[in-house]
Amino acid sequence: MTVTSVRKDPKALTMIVESEFETSPERIWRLWADPRQLERWWGPPTYPATFTRHDLAKGSRVEYYMTGPEGDESHGYWDVVEVDPPRSLVFQDGFAGEDGSPATDLPLTTARVTIEEVGDGRTRMSIESRFPSAEAMEQILAMGMEEGLKQALGQIDAILAEDARAL
């Protein structure tokens, strides 16, 4: 599995998930920048994502939904705050209604993605989720965020292996 660590800090209101991959930072960045690639790993295997709007420019919005095994849809969005390809991405991550409007009954988190070369052809990707309160952190983690993110990231190796087979 690609996930190398998960650190939760209730005092700092953060959860950091780190992964390492045998590829370049530029290749990892493309997993975020290309919505068709992002669909292949964002969300656990039983809840694949479909991106209906995707623009990683500062100030833009990304919209998507995940489809569950029973056909149910969970909608979400990102408001892009910072973009520094291929090194980092910061976005406000929220839940949405079917019409794409923000769900006000669920908390908004801030996601900070950091991509860095660590040597020997390996790249580390860190996803830090910052929660607005201890209650929000508890609520989102209880919904399965940690396990879902680990499962989602676990799908990236297969995508990267296709690159190697294409050579």
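For the structure, check the block above.
Our subject in this report is the structure included herewith. (Residues numbered from 1 in each chain as written. Predicted model: local features only at pLDDT ≥ 70, side-chain atom pairs only at ≥ 80, totals over all residues. Heavy atoms only, no water.)

**Looking at the side chain of threonine 23**
Considering the arrangement of structural elements, one finds threonine 23 in the loop between strand S2 (14-21) and helix H1 (25-33). The residues touching threonine 23, leaving out its near neighbours within four places in the chain, are Ile28, Gly121, Arg122, Thr123 and Leu160. (Helix = DSSP H or I, 4+ residues; strand = E, 2+ residues; numbered from the N terminus. Contact = heavy atoms within 4.5 Å.)

**Some points on the pattern of salt bridges**
With the rule as written, the count across this model stands at 15 salt bridges. Of the charged contacts, one joins glutamate 128 and arginine 130 as a salt bridge, the two residues approaching to 3.5 Å between their closest N and O atoms. In this structure, lysine 150 engages glutamate 147 in a salt bridge whose closest nitrogen and oxygen atoms are separated by 3.8 Å. Of this pair, lysine 150 and glutamate 147 are both found in helix H4 (residues 145-153), 3 residues apart, which corresponds to roughly one turn of the helix. Here the residues in one salt-bridge network are Glu20, Glu22, Glu116, Arg122 and Arg124, joined through shared partners. (Salt bridge = Lys/Arg side-chain N within 4 Å of Asp/Glu carboxyl O.)

**Examining the side chain of serine 88**
Among the secondary structure elements, serine 88 is positioned in strand S6 (residues 88-96). For serine 88, a relative accessible area of 17% gives the class buried. Serine 88 has contacts with Trp29, Glu82, Val83 and Val113, leaving out every residue within four places of it along the chain. (Buried < 20%, exposed > 50% of the residue type's maximum accessible area, 1.4 Å probe, protein only.)

**Side note on the nonpolar core**
Ranked by internal contacts, the top residues of the largest apolar core, which has 36 residues, are Trp32, Trp41, Trp42, Trp78, Met125 and Leu153. Ranked by residue count, the leading element in this core is H1, at 4 residues. Residues contacting methionine 125, with those up to four places away along its chain left out, are Val17, Glu18, Ser19, Phe21, Ile28, Trp32, Val113, Thr114, Ile115, Leu153 and Ile156. (Core = buried A, V, L, I, M, F, W, Y, C linked by side-chain atoms within 4.5 Å.)

**A few points about the environment of alanine 142**
Summarising the element assignment, alanine 142 is placed in helix H3 (residues 134-142). Residue alanine 142 is classed as exposed on the basis of its relative accessible area, which comes to 68%. For the pair alanine 142 and isoleucine 16, spaced 126 residues apart in sequence, the C-alpha to C-alpha distance is 16 Å.

**Concerning H3**
All of the buried residues in H3 are Ala136, Met137 and Ile140. An end-on view of H3 places all buried positions within 100° of arc, on one side of the element. For H3, the exposed residues lying more than 90 degrees away from the buried face are Glu135, Glu138 and Ala142. The elements touched by buried residues of H3 are strand S1 (3-9), S2, S6 and H4. (Arc of directions from axis to C-beta.)

**Observations concerning the sheet that holds S1**
With antiparallel pairing, 8 strands are arranged side by side in an open sheet as S1-S2-S8-S7-S6-S5-S4-S3. The open sheet has two edge strands, S1 and strand S3 (49-53), and neither has a second partner. The sheet shows a mean angle of 25° between the axes of neighbouring strands, direction not considered. As paired elements, S3 and strand S4 (residues 61-67) share 4 bridges and run antiparallel to each other. Bridge pairing in S4 places phenylalanine 51 opposite tyrosine 64. H3 contacts S1, S2 and S6 of the sheet and is inclined by roughly 145° relative to S1. (Pairing = 2+ DSSP bridges. Axes fitted to C-alpha atoms, helices over the stretch in contact; angles between N-to-C directions.)

**Looking at the packing of aromatic side chains**
Taken as a whole and judged by the stated rule, the model has 11 aromatic pairs. Taking the centre distance of 5.0 Å and the plane angle of 85° together, the rings of tryptophan 32 and tryptophan 41 count as edge-to-face. Residue tryptophan 32 is classed as buried on the basis of its relative accessible area of 0%. Within the aromatic cluster, the residues linked to one another by ring pairs are Trp32, Trp41, Trp42, Phe51, Tyr64, Trp78 and Phe91. (Phe/Tyr/Trp six-rings, centres within 6.5 Å; stacked < 30°, edge-to-face > 60°.)

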